[in-house]
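# Results of the structural survey
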Amino acid sequence: MNATTGRRLTAAALTVVALATATTACSSGGSTSAKSDDGTYTVWDPYPQFAKDSAWVKLLDGCGSKAGVKIKRTAFDTSDLTNKALLAAQQDNSPDVLIVDNPVVSTLAEAGVLTTTDDNKVDTSKVDPNLLAAGQSDGKTYGTPIGANTLALYYNKDVLKAAGVDIAAIKDWPSLTAALDKVKKAGKKGITFSAIGTEEGSFQFLPWFWGSGAKLTRLDSQQGVSALSLWTGWLKKGYAPNSVISNTQTTSWQEFASGDYAFAENGTWQLANAEKAGFDYGVLPIPGASGGNAAAPTGGEFVTVPVQGDTGRYATAQKLVSCLTSADNLYNTDTTLSYVAPTSVVRDKQMAADAKLKPWAEAVTSARGRTSGDLGTKYPKISEQLWKAVQSALSGAKSPQDALATAQNAVK
């Protein structure tokens, strides 16, 4: 890497801190060096939970065999993986295939770490455009999603029935708020979510922010204020607990799992826990202010091909990516990860196998990348000011209007 790229990489490394959650890294095998012996291709992924004998690692090895090479796989925590990828690029030591959380794709692309799909010939033609957008910057595409998760509303059918709430009648914010009022009057609790002062808080607020018609380039718009006013109103009326200010998505789920709440905003990753909750539940896409499904932020990873000094390696890397994201392999992988597939063909297969995935499929088709619209590396700063505004308003320190005005000024 030249000196200019090195400086850009340093700036990018600082940027990704806001997107990452600091936890301990875990590797599936010895050295983290991406350079390997002849005939061996390296893959880095953010799935340390999958051991060497897992279906995921068997898939990697199988794709390697199909391409005629051996695979050396290393797994990291998401935050550590991003930093390792930036460092490896500085040293011209990048892995052949890098699977990375979608919000940092634009950061790595801007830093010069990733090749475009025009360069590496990875086919993205079957991927939904709204999901592919998370990996696009300045009109170029830097990978393909391996799957997507997003947010929706879980609901407790018993609580709603006792309160006389018909879930089919909930189509917008007024009807949802009316349902929360009925639930409270019936002696139960309304809705729980995560509004913690981290990326999790922004992630959970975005469906309401976007559902109002607001844009991240103008935090203090009338629409944005209406979204934050919705949340503050719920707290003031006792429809949501004060604990949401410190709730992570995990602690919010634990509140819902108590069986006392009518609704919880949470993600596809809670499906297994929902089955163990001990009560009958359903899933409703988050409604927009005036109806329809609100755009929820997409989670999930992109499979990318980093820049190599030896460009001859791209042909085999492309084969590996194509194998990992083929229709058959996507189905198995996304089922394992509790992800919704990024292509309609595989999603249809998922829903045929499990009808409970239908509302999640609807949510994913309406979802939006956090860095979409060429926000790219601007997103972390915007997100930080957004979660600070949410915290300020929910705590009563500022009005929703003043909190978002402060946020907008800080972003400028």
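Residues numbered from 1 in each chain as written. Predicted model: local features only at pLDDT ≥ 70, side-chain atom pairs only at ≥ 80, totals over all residues. Heavy atoms only, no water.

What follows is about the environment of glutamine 90. Position of glutamine 90 among the secondary structure elements: in helix α3 (residues 78-90). Judged by its relative accessible area of 32%, glutamine 90 is partly exposed. (Helix = DSSP H or I, 4+ residues; strand = E, 2+ residues; numbered from the N terminus. Buried < 20%, exposed > 50% of the residue type's maximum accessible area, 1.4 Å probe, protein only.)

A few words now on the nonpolar core. Counting residues in each nonpolar core, the largest one holds 53 residues, and the members touching the most others are Trp208, Leu216, Trp234 and Phe263. Looking at this core, the elements with two or more residues in it are β7 (151-156), α7 (157-163), α8 (173-185), α9 (199-211), α10 (222-236), β9 (261-267), α17 (379-394) and α18 (400-411). The contact partners of tryptophan 234, leaving out residues within four places of it in the chain, are Leu176, Thr177, Leu180, Ile191, Phe193, Trp208, Tyr239 and Ala240. By size, the runner-up hydrophobic cluster in this structure holds 30 residues, among which are Tyr41, Val97, Val303 and Val305. (Core = buried A, V, L, I, M, F, W, Y, C linked by side-chain atoms within 4.5 Å. Contact = heavy atoms within 4.5 Å.)

Taken in spatial order, the five strands line up as β2-β1-β3-β11-β6 in an open sheet, and their pairing is mixed. Of all the strands in the sheet, the pair left with one neighbour each is β2 (70-75) and β6 (144-145). The pairing of strand β1 (residues 40-45) with β2 spans six bridges and is classified as parallel. Within β2, the residue paired with tryptophan 44 across the bridge is threonine 74. Packing against the sheet, helix α2 (residues 55-67) makes contact with β1, β2 and β3 (97-101), and its axis sits at approximately 150 degrees to β2. (Pairing = 2+ DSSP bridges. Axes fitted to C-alpha atoms, helices over the stretch in contact; angles between N-to-C directions.)

Turning next to the pattern of salt bridges. On inspection of all chains with the given rule, the structure shows eleven salt bridges. The partner of aspartate 45 in a salt bridge is arginine 73, and the shortest N-O contact between them spans 2.7 Å. Placement of aspartate 45 in strand β1 and of arginine 73 in strand β2 is noted, with a sequence separation of 28 residues between them. Across the pair, exposure class does not vary: aspartate 45 and arginine 73 are buried alike. Taking the shortest distance from any N to any O, the salt bridge between aspartate 280 and lysine 157 comes out at 3.9 Å. Taken together, the residues span a long stretch of sequence, with aspartate 280 in the loop between α12 (271-275) and β10 (281-284) and lysine 157 in helix α7 at a distance of 123 residues. A relative accessible area of 35% means that lysine 157 is categorised as partly exposed. (Salt bridge = Lys/Arg side-chain N within 4 Å of Asp/Glu carboxyl O.)

Here we come to the confidence of the model for the protein. One rule of thumb: low pLDDT means the predicted coordinates there are not for detailed reading. Overall, the predicted model of the protein reaches an average pLDDT of 90, with 91% of residues at or above 70. A low-confidence stretch, residues 1-36 stays under pLDDT 50, and its non-local contacts, those more than four residues away or across chains, total 74 contacts. (pLDDT = per-residue confidence, 0-100.)

Let's shift gears to the state of the cysteines. For the structure shown, the criterion picks out one disulfide. Paired by a disulfide, cysteine 63 and cysteine 323 hold their sulfur atoms 2.1 Å apart. Where cysteine 63 bonds to cysteine 323 through sulfur, the torsion about that S-S bond is close to -75 degrees, and the disulfide is left-handed. Of this pair, cysteine 63 sits in helix α2 while cysteine 323 sits in helix α13 (residues 314-324), and the two are 260 residues apart along the sequence. Accessibility assignment for this pair places cysteine 63 and cysteine 323 in one class, buried. (Disulfide = S-S within 2.5 Å.)

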